[in-house]
Amino acid sequence: MKVLLAAIALAAPFVQEPAPEQALAVVLPSDWAVGARLSIVLEKVREKSVGHQREVVRASRTAAELEVLARTVDGFRVAWTWGATELEPTVAGANARLAERLATVHAGTRLELSLDSFGSVRELLNVDELVQRYERVLAELDQTLAEDGMSAERRELALSAVRPLLEPEVVLATATEDAALFLAMSGGSFAPLAPVEFEDSLPNPLGGPRIASRGVVELTDHDTERATIRRTLSADPRQAAISAHAAVQQLSANAGRALTGDDAVPKLAIEDEATWTFDRATGWPVACRHERRTSVNDRAQVERRTFTAAPSAAGESR
C-alpha cells in the first residue's frame, strides 16, 4: 500500500491544466500525537445468494480502540484492541449458544502494530502473544461449552475449524486485516480529477494462488473538513478463468480422473470496492465502507465491512 500511496503522490503534479481550485492535492496529515485514541465500531455482514434469492448468513457489530503508543524513526507503533462483539439474530436453535460463545473469542485481543510514515500497517509485533492468548481463550471456551452440557464430540467439531487459525503464519496473515483496511489510505496525497491505476491481487475463493487484479484509486469528494477516497479492484478476467480451470483440474485429479471437455469450468468474478472518509484536520479516517462480491456462475457471496470512528475523550487532539 505504501507503494500505491507513493504513486498517487507522484501522479498529483501531472494533472493537465487544472483549474486553480483543483491544482492543490489533498494531503492527509499523519503526525498523530502519542496517546491519541480513536474509538471504532466495525459492522460486518455476509450475504449469500443463488440467482435472485438472497440470505444474510452472518452479521455482527464489534467495538475497537486504536491508540498511538509511540513514534518511531520511520512511522508509529500503535495498539488496536478489540472489544465485545454483538451478533445479529441470524443464528437460531442449538447453534445460537455456540455462536454467542465464539463471538467472545476476540474480546480483549490487543494487536501491537508497526505503521509506516504514511500511517499504513506494516507489521504485527506481538504474534506469539496473540497465539498464546487464543490458545488460552479456546481452552476456556471448551470448558464453558462443556459446562453448558455440550458433548465432547460436538465441542471438538465446533473448535476444530478454529484451531488451524492459531498457527503463527495464519495469525500473521489474518489478524491485521481489519486494521490494515481501515488505515490503508492514511497519509496519502490525492489530486482532484487524477485517478491512479494500480495492480494488486485478490484471494482465490476456489483455493490456490491469489488472482492478479487491477484497480483505481481516486479522490471523489472533498471540502475544507472532509475528503473521500474510493478504491476499486477487480480480478483480471483471464487470470480468474485460469484459476477456475485449475480448480476444476484439481477436483478431477482428486477424483482420480482426467479433465474432459464435458467438465464445465465455472465463471469466476471478484469485485472489490472501498470508500474512506477522512478528517482533513487530524488525518484520521472517520468512516470506511468495504464490499467484496465474489460470484461463481449464479452463486454469489457479498461481504461488507463498515467502520465508523471518532476520537476518544483522551485522544481528541493530534
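Computed from a prediction, not measured in an experiment: that's the story for all the values here.

This part takes up the overall build of the protein. The helix and strand tally for the protein stands at 7 helices and 13 strands. Long-range pairs, those at least 24 residues apart, make up 64% of the contacts in the protein between residues at least 6 apart in sequence. A total accessible area of about 17300 Å² is found for the protein, and carbon and sulfur atoms account for 51% of it.

So, on to the packing of aromatic side chains. Following the criterion strictly, the structure yields 5 aromatic pairs and no others. Judged by centre distance (5.4 Å) and plane angle (35°), the rings of Trp32 and Phe76 are tilted. Of this pair, Trp32 sits in the loop between strand S1 (26–27) and strand S2 (37–50) while Phe76 sits in strand S4 (residues 75–87), placing them 44 residues apart in sequence. Both residues of the pair, Trp32 and Phe76, count as buried. Taking the centre distance of 5.5 Å and the plane angle of 70° together, the rings of Trp80 and Trp82 count as edge-to-face. Under the relative-accessibility criterion, Trp82 is labelled buried at 11%.

So, on to unusual backbone geometry. One non-glycine residue, Leu193, lies in positive phi territory at about 60°. As for its position among the elements, Leu193 is in the loop between strand S7 (189–190) and strand S8 (196–202). Unlike most non-glycine residues, Asn297 shows phi in positive territory, near 55°.

Between the first and last C-alpha of helix H3 (residues 127–147) there are 30 Å, a value that for 21 residues agrees with the 30 Å anticipated at 1.5 Å per step. Turning to H3, its buried residues are Val127, Leu130, Val131, Arg133, Tyr134, Val137, Leu138, Leu141 and Leu145. Each buried residue of H3 sits inside an arc of 160° when the element is viewed along its axis, so together they form one side. The outward face of H3, more than 90 degrees from its buried face, is lined by the exposed residues Asp128, Gln132 and Glu147. Following H3 by one or two positions, Gly149 adopts a phi angle in the positive range, close to 100°.

A separate point is the side chain of Arg133. Structurally, Arg133 is set in helix H3. Buried within the structure, Arg133 lacks any salt-bridge partner; its nearest side chain of opposite charge belongs to Glu129, at an N-O separation of 7.0 Å. Engagement of the side chain of Arg133 in a polar contact is seen with the backbone oxygen of Ala107, the distance being 2.5 Å. If sequence neighbours within four positions are ignored, Arg133 has contacts with Val105, Ala107, Gly108 and Thr109.

Let us look at the sheet that holds S8. The strand order across the open sheet formed by 11 strands is S6-S5-S4-S3-S2-S13-S12-S11-S10-S9-S8, and the pairing between neighbours is antiparallel. The sheet is open, and its two borders are formed by strand S6 (121–124) and S8, each paired with just one other strand. The average undirected angle you get between the axes of adjacent strands in this sheet is 25°. In the sheet, strand S12 (residues 285–296) pairs with strand S13 (residues 299–311) via 10 bridges, with the strands oriented antiparallel. Bridge pairing in S13 places Ala287 opposite Thr308.

Looking at the element boundaries, Asp272 is found in strand S11 (residues 268–279). Within the structure, the side chain of Asp272 is placed 2.7 Å from the side chain of Arg292, a separation counted as a polar contact. Look past the residues within four positions of Asp272 in its chain and what remains in contact with it is Leu202, Arg231, Thr232, Leu233, His290, Glu291 and Arg292.

Bringing the environment of Ala227 into the picture now. Locating Ala227 in the fold gives a position in strand S10 (residues 226–235). Overall, the relative accessible area of 0% leaves Ala227 in the buried class. For the pair formed by Ala227 and Thr277, sequence separation is 50 residues and the distance between their alpha carbons is 5.6 Å. In contact with Ala227, other than residues within four places in its own chain, are Val26, Leu28, Leu219, Asp221, His222, Trp276, Thr277, Phe278 and Arg280.

Here we take up the pairing of strand S5 (residues 110–116). Buried residues dominate S5, accounting for 5 of its 7 residues. Pairing of S4 with S5, which is carried by 7 bridges, proceeds in the antiparallel orientation. If you follow Thr81 over to S5, its bridge partner there is Arg110. Counting the residues that bridge the hairpin from S5 to S6 gives 4 residues, and of these Gly119 lies at a positive phi of roughly 100°.

Rules used throughout
In every chain, residue numbers begin from 1 and rise along the written sequence. Where totals are concerned, whole chains, interfaces and linings use all residues; where local detail is concerned, this predicted model gives features only for residues with pLDDT of at least 70, and gives and counts side-chain atom pairs only at 80 or more. Side-chain measures were taken over the full set of non-hydrogen atoms in the model, leaving aside hydrogen atoms and water. By definition, any uninterrupted DSSP run of H or I lasting at least four residues is a helix, any uninterrupted run of E lasting at least two residues is a strand, and each is numbered from the N terminus. Contacts: residue pairs with any heavy atoms within 4.5 Å of one another. Exposure was quantified through the Shrake-Rupley algorithm and a 1.4 Å probe, taking into account, for residues, occlusion by the shown protein chains and nothing else. A pair of aromatic rings is counted whenever rings of Phe, Tyr or Trp (Trp by its six-membered ring) have centres within 6.5 Å, and the orientation is called stacked for planes under 30 degrees apart, edge-to-face for over 60 and tilted otherwise. Here the term buried applies to any residue with accessible area under 20% of the maximum for its type, exposed to any over 50%, and partly exposed to those in between, with areas from a 1.4 Å probe on protein chains only. To estimate the expected span of a helix, subtract one from its residue number and multiply by 1.5 Å. Each direction from the helix axis to a C-beta atom contributes to the arc, which is the arc of those directions. In this count, Lys and Arg are taken as positive residues and Asp and Glu as negative ones, while His and the chain termini are left out. Salt bridges are defined as contacts in which a side-chain nitrogen from Lys or Arg sits within 4 Å of a carboxyl oxygen from Asp or Glu. Think of a polar contact as two N or O atoms within 3.5 Å of one another; within protein, one of them needs to be a possible hydrogen donor and the other a possible acceptor, and neighboring residues in sequence only count if both atoms come from side chains. Note on pairing: two strands pair once DSSP finds at least 2 bridges between them. In this analysis, axes come from line fits to C-alpha atoms, helices being fitted only over the stretch in contact, and the angle between any two N-to-C directions falls in the range 0 to 180 degrees.

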